[in-house]
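Chain by chain, the residues run as shown.
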Amino acid sequence: MSVTFNDKNNKQGLYQHLLFLTGQNEASLPIEDATRLINFALDRYTYLSILSSGYWQFDDFGNSTFARARRSLISGQSDYTMNADYLTVERVEIQDSDGNWHKLDQFDQNSLNDESLNDYYSTDGTPQFYDIVNNSIVLYPAPDFTASRALELTYKRPFNHFSSTDTNAEINIPSIHAEYLVLHAISRSTLRSLDMNMKAVRQDVADYERMIKDGLSRRDRDIEHQLSPNINVRK
């Protein structure tokens, strides 16, 4: 069954469920306030999904494209700005000057102690490693060639927010998790009151969060998880 955000006709949407559980009506809990509360719940759901997702990657069902982006490589430039909605970077690939694609390994300069990765790769060439600093991805070495759409990032992005004018817009998460959005919204709205049921609502939210994380982390049980070897950087 698909769950919608605001089902004005059949009264089966998230907004209607929020009104029902809180005993409020559209006047006391306007759609604008409900939209804000549920969007914050979606942000929390994004966070839980990032913590829990395995090889089977999560994404908003409403997205029409995969969470991948390409940038052009510029000769001598190592620093490339990422979009703000790249919550985590899962994979980085580059297309070399011969047109072949290569996966880059992530590297953190902190692991070099007193040395700099620039000392290892002071000469431009074909990038082999990348580091993430703030909202930038830094390639080592910097490319010694320019190529269009030759840097590809696979990333995780937040779930799309609703607007208060959305009617019958589907909830683009598994339907068995839909009520979590309402419970989280209730837990936030009760901060304005001295409702003695707040503790029970927050316990329901905690139970849902455990269920969501457990379920998402078990979606790919046919894949054996293995330890990854450390990356050795050589001059």
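As shown above, the structure is provided for reference.
Please read all numbers here as calculations on a predicted model, not as lab measurements.

1. Here we look at the sheet that holds strand 2 (residues 79-81)
Phase 1 of the analysis: With mixed pairing, the four strands of this open sheet are ordered in space as 2-7-6-5. Each edge of the open sheet carries a strand with a single partner, namely strand 2 and strand 5 (105-106).
Phase 2 of the analysis: Examined bridge by bridge, strand 6 (residues 129-133) and strand 7 (residues 136-140) share five bridges and lie antiparallel to one another. For Ile-132, the partnering residue across the bridge sits in strand 7 and is Ile-137.

2. Observations regarding the packing of aromatic side chains
Phase 1 of the analysis: Under the counting rule described, the total for this entry stands at four aromatic pairs.
Phase 2 of the analysis: Between Tyr-45 and Phe-159, the aromatic rings sit 5.3 Å apart at their centres with planes inclined by 70°, giving edge-to-face as the arrangement. In this pair, Tyr-45 is assigned in helix 2 (residues 31-52) and Phe-159 in the loop between strand 8 (147-156) and helix 4 (178-189), connecting sequence segments 114 residues apart. In terms of burial, Tyr-45 and Phe-159 fall into one category: buried.
Phase 3 of the analysis: Relative to Tyr-155, the ring of Tyr-86 has its centre 4.0 Å away and its plane inclined at 25°; by these criteria the two rings are stacked. In this pair, Tyr-86 is assigned in the loop between strand 2 and strand 3 (88-95) and Tyr-155 in strand 8, connecting sequence segments 69 residues apart.
Phase 4 of the analysis: The buried category is assigned to Tyr-86, whose relative accessible area is 14%.
Phase 5 of the analysis: Given a relative accessible area of 10%, Tyr-155 falls into the buried group.
Phase 6 of the analysis: Ring-pair connections join several aromatic residues into one group, and the members of that group are Tyr-45, Phe-159 and Tyr-180.
Phase 7 of the analysis: Above the plane of the ring of Phe-66 lies Arg-68, whose end atom (NZ or CZ) is 5.1 Å from the centre.

3. Structural notes on helix 1 (residues 14-22)
Phase 1 of the analysis: Within the sequence span of helix 1, burial applies to Leu-14, Tyr-15, Gln-16, Leu-18 and Leu-19.
Phase 2 of the analysis: Packed against the buried residues of helix 1 are helix 2 and helix 4.
Phase 3 of the analysis: Gly-23 sits one or two positions beyond helix 1 and adopts a positive phi of about 70°.

4. Notes on the packing of helix 1 against helix 4
Phase 1 of the analysis: It is the contact of helix 1 with helix 4, at a shortest axis distance of 10 Å, that shows an interaxial angle of 50°. Accordingly, the angle class assigned to the pair helix 1 and helix 4 is oblique. Note that helix 1 runs across helix 4; the crossing there is right-handed. Across from Leu-14, His-17, Leu-18, Leu-21 and Thr-22 in helix 1, the residues of helix 4 making contact are Ala-178, Glu-179, Leu-181, Val-182, Leu-183, Ala-185 and Ile-186.

5. Some thoughts on the packing of helix 2 against helix 4
For any two helices packed against each other, the geometry is given by the interaxial angle and the distance between the axes.
Phase 1 of the analysis: It is at 8 Å that the axes of helix 2 and helix 4 come closest, and there the two elements cross at 115°. You can see that helix 2 and helix 4 cross each other, and the crossing is right-handed. In this structure, helix 2 contributes Leu-37, Ile-38, Phe-40, Ala-41, Leu-42, Arg-44, Tyr-45 and Leu-48 to the contact, and helix 4 contributes Tyr-180, Leu-181, His-184, Ala-185, Arg-188 and Ser-189.

6. Considerations on the side chain of Ser-49
Phase 1 of the analysis: On the secondary structure map, Ser-49 appears in helix 2.
Phase 2 of the analysis: Of the polar contacts made by the side chain of Ser-49, one reaches the backbone oxygen of Tyr-45; its length is 2.9 Å.

7. Here's the deal with the pattern of salt bridges
Phase 1 of the analysis: Using the criterion set out here, one finds six salt bridges in the structure.
Phase 2 of the analysis: The salt bridge partner of Glu-152 is Arg-70, with a shortest N-O separation of 2.8 Å. Placement of Glu-152 in strand 8 and of Arg-70 in strand 1 (residues 68-73) is noted, with a sequence separation of 82 residues between them.
Phase 3 of the analysis: Under the relative-accessibility criterion, Glu-152 is labelled buried at 14%.
Phase 4 of the analysis: When its relative accessible area of 36% is taken as the criterion, Arg-70 is described as partly exposed.

What counts, and where the lines are drawn
- Residues numbered from 1 in each chain as written.
- Predicted model: local features only at pLDDT ≥ 70, side-chain atom pairs only at ≥ 80, totals over all residues.
- Heavy atoms only, no water.
- Pairing = 2+ DSSP bridges.
- Helix = DSSP H or I, 4+ residues; strand = E, 2+ residues; numbered from the N terminus.
- Phe/Tyr/Trp six-rings, centres within 6.5 Å; stacked < 30°, edge-to-face > 60°.
- Buried < 20%, exposed > 50% of the residue type's maximum accessible area, 1.4 Å probe, protein only.
- Lys NZ or Arg CZ within 6 Å of the ring centre and 35° of its normal.
- Contact = heavy atoms within 4.5 Å.
- Axes fitted to C-alpha atoms, helices over the stretch in contact; angles between N-to-C directions.
- Parallel < 35°, antiparallel > 145°, perpendicular 65-115°, else oblique.
- Left-handed = near helix turned anticlockwise from the far one by under 90°.
- Polar contact = N/O pair within 3.5 Å; in protein donor to acceptor, adjacent residues only side chain to side chain.
- Salt bridge = Lys/Arg side-chain N within 4 Å of Asp/Glu carboxyl O.

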